[in-house]
Amino acid sequence: MLDHMYREWPSRIGGAVVWAHSAAFQGEGRVLPDGCMDLLWWDGALVVAGPDTRAHLFSGAPGSGGGIAGLRFPPGTGPLVFGVPAHELRDQRLPLGALWPERAVRALEERIAAEAQTEPETGRALEAVAAGRLEGRGRGPGSRGGPGAVAELLRHGRSVAAVAYEVGLSERQLRRHCLDAFGYGPKTLARVLRMQRALRLASSGMPAAGVAAAAGYADQAHLSREIKALAGAPLGVLVPQGSGAKRSTPLPSGSATTA
């Protein structure tokens, strides 16, 4: 069982979300792929959550697990902050000091520990770290060919060939672009984004057959196969009937549920 004490609020970093979670959990939970990367404040350390291609499983004992805060970047922004292509961080959780100079990271961690005593303060500290890296960089998230434009086209069900044409790239160039920006190719990103849409629809109470049609699956069996492949559990386990709409992220990055 997981005691969900999850909160999120819009970030001053365009398209990002600040979130905080304090929970004691028992048993196993899973964090689902969502195409995003996170900067975390976790047990007094700055940690990077790379893009997931599969469910990230975690477990806990009664009364275990302290608070964690995070800054979830929109798809394509994380690599600009962390300074490495997204595919190098795929399916990983690692200290920020593994990517940036350790002395600089220690100084940031000491400052956050001393100055950030509340969740909003921690969130603002994480935003400051990211803003310092993004300042003066032409992200162009919605520009033609930018990560935001690519993700938006795929989110709306456009084919890889159509997206490549829209952004002025060959399909091979688009794949390389997606690996660097998102951590995986456009087909995988499209599957992840479609799964997230399906989960949102299911969480609103829509029946599985309706979810399959609205999210762009061929049929309900296709929906079931895709959810199981990406999330490692059936839709009914991820979104129990009558659960209501919710978005909870006890561990980075993506939606989370318990099994």
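First things first, this report covers the structure right here in the doc. Throughout this document, residue positions are counted from 1 along each chain, in the order its sequence is written. Local features in this predicted model are restricted to residues of pLDDT 70 or higher, and side-chain atom pairs are both shown and tallied only at a pLDDT of 80 or more, whereas totals for entire chains, interfaces and linings draw on every residue. Hydrogen atoms and water are omitted, and side-chain values are computed over all heavy atoms in the structure.

When its secondary structure is counted, the protein chain shows 10 helices and 9 strands. Of all 259 residues assigned to the protein chain, the portion counted as buried reaches 47%. For the protein chain, the accessible area works out to roughly 12000 Å², and carbon and sulfur atoms hold 52% of it. Strands are runs of DSSP state E lasting at least 2 residues, helices are runs of H or I lasting at least 4, and numbering of each runs from the N terminus. Exposure classes here rest on a 1.4 Å probe applied to the protein chains alone. A residue is buried below 20% of its type maximum, exposed above 50%, and partly exposed in between. Computed with the Shrake-Rupley method and a 1.4 Å probe, the accessible areas treat only the protein chains shown as cover for residues.

The next thing to look at is the pairing of strand β1 (residues 6-10). Alignment of β1 against strand β2 (residues 17-21), held across 5 bridges, turns out to be antiparallel. Along β2, the bridge assignment pairs Y6 with H21. Being paired, for any two strands, means DSSP has found at least two bridges between them. Hairpin connection from β1 to β2: 6 residues lie between these consecutive antiparallel strands, with G15 at a positive phi of about 80°.

Take L99: it is sitting in the loop between β8 (93-95) and α2 (102-115). The exposure class of L99 is partly exposed, given its relative accessible area of 25%. For the pair L99 and G83, spaced 16 residues apart in sequence, the C-alpha separation works out to 7.7 Å. When neighbours within four sequence positions are excluded, L99 is seen to be in contact with V48, F82, V84, L89 and L94. In this description, contact between two residues means that some pair of their heavy atoms is separated by no more than 4.5 Å.

Along the polypeptide, L71 turns up in strand β7 (residues 68-73). Overall, L71 belongs to the buried group, its relative accessible area being 0%. Separated by 52 residues in the primary sequence, L71 and G123 have C-alpha atoms spaced 7.0 Å apart.

Take a side-chain nitrogen of Lys or Arg and a carboxyl oxygen of Asp or Glu: if they are within 4 Å of each other, that pair is a salt bridge. This model, assessed by the stated rule, comprises 12 salt bridges. Here R72 makes a salt bridge to D34, at a shortest N to O gap of 4.0 Å. Linking R72 in strand β7 with D34 in the loop between β3 (27-31) and β4 (37-42), this pair joins segments that are 38 residues apart in sequence. Exposure class is identical for R72 and D34. Each is buried. For R93, the salt bridge goes to D52, with nearest N and O atoms at 2.9 Å.

Another aspect to go through is the sheet that holds β7. The 6 strands lie next to each other as β1-β2-β7-β4-β5-β8, forming an open sheet whose pairing is antiparallel. Looking at the sheet topology across the chains shown, the edges are occupied by β1 and β8. Recorded for the sheet is a direction-independent mean angle of 25° between the axes of neighbouring strands. Together, β4 and β5 (45-49) form the strand contacts of α2, whose direction differs from that of β5 by roughly 115°. On the sheet, helix α3 (residues 119-134) packs against β1, β2, β4, β5 and β7 and is oriented at approximately 40° with respect to β7. With axes taken as lines fitted to C-alpha atoms, and helix axes fitted only over the stretch in contact, angles between N-to-C directions fall between 0 and 180 degrees.

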